[in-house]
Amino acid sequence: MRVVQMRFLMLDMPVSHAAAHVGPLRLSVLVTLLQSALVGAQQAPDEPLNLKMSLVLQEQISAETRSRLPSFVAADRLTGRPDLETVLEGKAVLRRGDTVIKADRLEYDQTTELAKARGHVLINRAGNVYEGPLLELRLDTFAGFFDQPTYHFLLNNAHGQADRVDFLDEQRAVIHNATFTTCPRLPGPSWMPDWILKASTISLDQEEDVGTATGALLSFKGVPLLPVPYISFPLSDQRKSGVMPPSIGLDTVNGSELSVPYYWNIAPNRDATFTPTLMSKRGVNLGTEFRYLERSFSGTAQFDWMPADQLRDSTRWAAKLNHQGRIDSAWTRNGATLNLSLNRVSDDNYWRDFSRTDDSLTQRLLANDATLSWGNGAWNSMVRTLKWQTLQDDAAPIVPPYDRLPQLSTRYARNNLAGFNYAFNADYTRFKSDTTLTNQANGQRAFGVMQASYPITQAAGYLTPKLQLHATQYQFETPLSNGDTAARRMLPTFSLDSGLVYERDTRLFDRSLRQTLEPRAFYVFTPYSDQSLLPNYDSGTNDFNLSTIFAENAFVGNDRISDSNLLTLGVTSRFLDPATGAEAARIGVAQRLLFRDQNVTLQPSDLPLAEGLSDMLFSGAINWDPRWGFEGTVQFNPSTEKTVRSTLSARYSPGSYRTLSAAYRFQRESSEQLDVAWQWPLNDLWGDRGQKLAPGQGQGEGRWYSVGRFNYSLNERQLVNGVLGFEYDAGCWLGRIVLERMQTSSTSATQSIMFQLEFVGFSRLGVDPLKSLKDNIPGYQNLRVPAGMPSRFSNYD
C-alpha cells in the first residue's frame, strides 16, 4: 500500500514547487482513486492477476466492469485531498474506461463521483464527442448536463449544436434547441449544411439506436422541406419501430401516390411493416408485411387490400406467404423440410394494374406450392401439392398448366458400387386442370426410371456407357379419343458419352496461357413408341443449346420421350490462366447427326425432325481483361445458309459505379431486340475521373451518375421496356430521379416516375427506385452501401 499512499501525498505538493526542481516540464500525475485503486490492492498478496487473451479490443464495457475501472488524471496543476476531491487546472484530463473529459479546469468529487468542468470542455463518450463551456457529470451513472455544446456522433457521423444537453444515463440523452446534420463542417463562418434538422428537443437512445425529435423542421438547401411535430430516425443500421419516411410517386395508372409506412420491430427475430398508400386515381391500399425467423423455420407473409378501387369499381387484394421450415423426425437422419409458397390475387387484371408490386404477384401464372421433403441415406422423398392461379387476358389467352393434387416421388442413388452408378426414380401425380381450356383429359400418372452407368475416367478423357428404362402408367378420368381410359409405355434408352482433353502451354498477345482442346462424342438410342394419343401434362421442348444438345431426351418432363438414333459431335477449346485457372477465352461448336427421322413430337400437329444433319451451334466468350467481356451463341442452318437464332452480348466495367452492357438477340421470323444498360459517372465526360465521394467527404463536390436500360424491338420499331435516370451524390445526401416504362400487354404500357432524396445517416424521402435499378441494370452498385458499425476506437482521443 505504500506506493498508493505516495501517489496521494503528491496531491498536496504545489506544481510551482515541483517545477523549481524539475524545470519547465509539464507534470502528469496518475491518480488511482480509492474505489478503483483498491480493486487490485484488495487481491490477496499471493494471488496472481488473471489475464484473458482477446483478439479484439473491447467495444462494450459492462456495468460491473465499469464500476471497478480506475480513473486517470493529468494536468498542469493538481490540488486536492486524497479520497475526497481533486482539482485539475491547465490542460486538465480525466479518463475512465471509454470516457474522456478535457477542460481548462476540472473539479472531481470522489465521494459523489461528480465532475465539474469549465472552459474549453470536451467529453468523448465511446466515440461520441461533445464540446462546450460548462459540464457537470456523475461518472458512475453518467447523469448530468452540458451547456451550449456542439456534438459529433460516431455511428452516423452526424453533428450539430444546442443550448443544453441533459445526460439521463449511459445510454440516453436529451438535447434542447438542437440542430442535426451529417454534412461535413467546412471552414468559414458563413457555412451552412446542405440539409439540417432543427428541433425543440432531440432525444437519443443509444441502447435502441434511435433518435426522436419534437417540434422539428427539415430544411434542404435553405428551403424548409418537411415541418413535423414528431419524427424518429436511426442512429445506426439497427432496426427500430416507428413511422418511416413517406414515399411520393407518380404513375400513369395509379396517378399520384403517397405512402406512409410504419415499421414495428416486434422482436429481434420478428417484425412487421404496415403501409397505407393513397392513390389519386384508385383510392386507398393497405399493405402489410410480416417477417419471422425462428431456430427451425422462417418466412414472410404479405397482404394488400384495396377496399374500393375506383379504376375497376371493385375490392382488390393480394396475398403471399413464403415459409421454410425443418421438422425433426426419428426416422430421417436430418429431419424433414417443409416449403410453402402461396400467391393469390383478387382478379385477372391485378398483374396489369399493380405492376410495381412484388414480382411473384405481377405474373400471370401464380404458383401455390406446398412441398414436404426428407432424406434417409441414399433415399430422398417428397410429397407436393401445386395449384396454379392463371390470370387471363382476352387479347392474349394462355393455356393454364396442370395442378398437381398431389405428387408423391422418391429417388434412390448410389455411386461407385463395383464401379457402377445406380439411380432409381419413382413418381405418382394426379393432374387436374380446366379441360375446356386444355382439351385434354385429367388423370393420374405413375412412372419409374431405372438407370445404371459405368464411368471410365482417365486423365486424358472419359467414356460413360449408360442404360435407362422408363416405365409409365396412365389412368384417365375421361376416355381418350380412341376410347381408352388407361395407357402404358415402357422405353429403354442407351447412351454412350465420351470425350478427350488435350492441353498445351502457349503464348497469345504476349501472355502465357494454357490451351485445351476438348472433343466430345455422344451417342443415344431410344426406340420409337407412338405417344400422340397421350396427354401432355408437364413436357416441353428442350431449348437447343450447347448443354441440351448432349441430352438423351429432346423434351423436358415425363410425358414425351423422343425416339433417338443420333450422334452428337462437338469440340471446345479454352484458353486458361495457368496461375489462377481463370478462363480468358472459349470457343465451341457442336452438331447432331440423326440416323433416322425423329417421329415423336410435342403436339400431334408438329412436324418430326428429318434425318441428317441438324443446325450447327457456335459459341464463344472472351474475358481477356477483367474490365471487358464478350459472349455469343449462333444457331446456323447449313441447308439454307442462314442464321436461325443468335445472341451477342458485351460488357465493360472499368471500375466501381461504371458499367456498360449491350446485347443483341435475334430469332428468325419471331423477334429481334437490342438491349443496352449502363451506370456511369457523368463527371467523366468533363474530365473529372475521381472516385465517388465517401460519406462525409467534402460538401459541394458532388458527382452526377447516369443510369438506364433500353430494350428496343427492331421488328416493331418500338421500345419494349425502358429505364432512364440520374443520381447525384453530394456526400451527405443523395438525389435520384428515375423514369420507367413497363410493357404490360401487347397494346398497353405503364409509365412511372420515381424521385428520392436520401439524407445520409438520417432518412429518405420519395419513392425508392433502387429495386428497379438493380433488376434492370446488370452490375448496378448502390452509391451508399452500409459500412457496418464503426469502432469507438476509430474516434479515440
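Data block above holds the structure.
Residues numbered from 1 in each chain as written. Predicted model: local features only at pLDDT ≥ 70, side-chain atom pairs only at ≥ 80, totals over all residues. Heavy atoms only, no water.

Visitor: Where do I start with the state of the cysteines in this structure?
Guide: Among covalent bonds in proteins, the disulfide is the one between the sulfur atoms of two cysteines. This model, assessed by the stated rule, comprises one disulfide. Here C183 pairs with C732 through a disulfide, and the sulfurs are 2.0 Å apart. Measuring the twist about the S-S bond at about 65°, one finds the C183-C732 disulfide to be right-handed. One end of the pair, C183, is in the loop between strand 11 (172-180) and strand 12 (195-205); the other, C732, is in the loop between strand 45 (718-729) and strand 46 (733-743), and 549 residues separate them in sequence. Take C183 and C732: they sit in the same class, and that class is buried. (Disulfide = S-S within 2.5 Å. Helix = DSSP H or I, 4+ residues; strand = E, 2+ residues; numbered from the N terminus. Buried < 20%, exposed > 50% of the residue type's maximum accessible area, 1.4 Å probe, protein only.)

Visitor: I would appreciate a short explanation of the environment of V723 in the present structure.
Guide: Along the chain, V723 turns up in strand 45. Separated by 13 residues in sequence, V723 and F710 place their C-alpha atoms 6.5 Å apart. Not counting residues within four places of it along the chain, the set of residues in contact with V723 comprises V707, G708, R709, F710, V738, L739, E740, S772, L773 and N776. (Contact = heavy atoms within 4.5 Å.)

Visitor: What's the story with the pattern of salt bridges in this structure? I'm lost.
Guide: It is possible for side chains of opposite charge to pair when their charged atoms get near one another. Per the stated rule, a full pass over the model turns up 47 salt bridges. For the salt bridge of R164 with D147, the shortest nitrogen-to-oxygen distance reads 3.8 Å. Taken together, the residues span a long stretch of sequence, with R164 in strand 10 (residues 164-167) and D147 in strand 7 (residues 143-147) at a distance of 17 residues. Since its relative accessible area comes to 22%, D147 is described here as partly exposed. The salt bridge involving R445 is made with D538; its shortest N-O contact spans 3.1 Å. Taken together, the residues R445 in strand 28 (residues 443-453) and D538 in the loop between strand 33 (512-526) and strand 34 (540-541) connect sequence positions 93 residues apart. Note on R445: relative accessible area 1%, which makes it buried. Judged by its relative accessible area of 22%, D538 is partly exposed. In the salt-bridge network here, residues are joined through shared partners; they are R282, D309, R312, R316, D347 and D353. (Salt bridge = Lys/Arg side-chain N within 4 Å of Asp/Glu carboxyl O.)

Visitor: In this structure, what is going on with the packing of aromatic side chains? I would like to understand it.
Guide: If you walk through the whole model with that rule in mind, you get 32 aromatic pairs. Note on W195 and F762: the rings are 5.4 Å apart at their centroids and 25° apart in plane angle, and the pair reads as stacked. On the criterion of sequence distance, the pair formed by W195 in strand 12 and F762 in the loop between strand 47 (749-759) and strand 48 (763-766) is long-range, its members being 567 residues apart. There is no split in this pair, since W195 and F762 are both buried. Taking the centre distance of 4.3 Å and the plane angle of 25° together, the rings of Y350 and F354 count as stacked. Given a relative accessible area of 6%, F354 falls into the buried group. (Phe/Tyr/Trp six-rings, centres within 6.5 Å; stacked < 30°, edge-to-face > 60°.)

Visitor: How should I be thinking about the environment of L534 in this particular structure?
Guide: Structurally, L534 is set in the loop between strand 33 and strand 34. Judged by its relative accessible area of 10%, L534 is buried. With 26 residues separating them along the chain, L534 and R560 place their C-alpha atoms 8.6 Å apart. Aside from chain neighbours lying at most four places away, what touches L534 is Y474, A487, R489 and R560.

Visitor: For this particular structure, what's the right way to read the pairing of strand 13 (residues 210-220)?
Guide: As a general feature of sheets, a regular strand has side chains that alternate between the two faces. Looking at chain direction, strand 12 and strand 13 are connected through nine bridges and run antiparallel. From the neighbouring strand, S203 faces strand 13, where its bridge partner is T212. Between strand 12 and strand 13, which pair antiparallel one after the other, the connecting turn spans four residues, and D209 there sits at a positive phi close to 55°. Direction of pairing for strand 13 relative to strand 14 (residues 223-234): antiparallel, over a ladder of 10 bridges. Of the residues in strand 14, the one forming a bridge with F220 is V223. Between strand 13 and strand 14, which pair antiparallel in sequence order, lie two residues; one of them, K221, sits at a positive phi of approximately 55°. (Pairing = 2+ DSSP bridges.)

Visitor: Teacher, can you tell me more about the pairing of strand 16 (residues 247-251) here?
Guide: Relative to strand 17 (residues 255-259), strand 16 runs antiparallel, the two being bridged by five bridges. Bridged to D251 within strand 17 is G255. In the sheet, strand 16 pairs with strand 47 via three bridges, with the strands oriented antiparallel. Within the sheet, the bridge partner assigned to G249 lies in strand 47 and is M754.

Coordinates in, geometry out; function isn't part of it.
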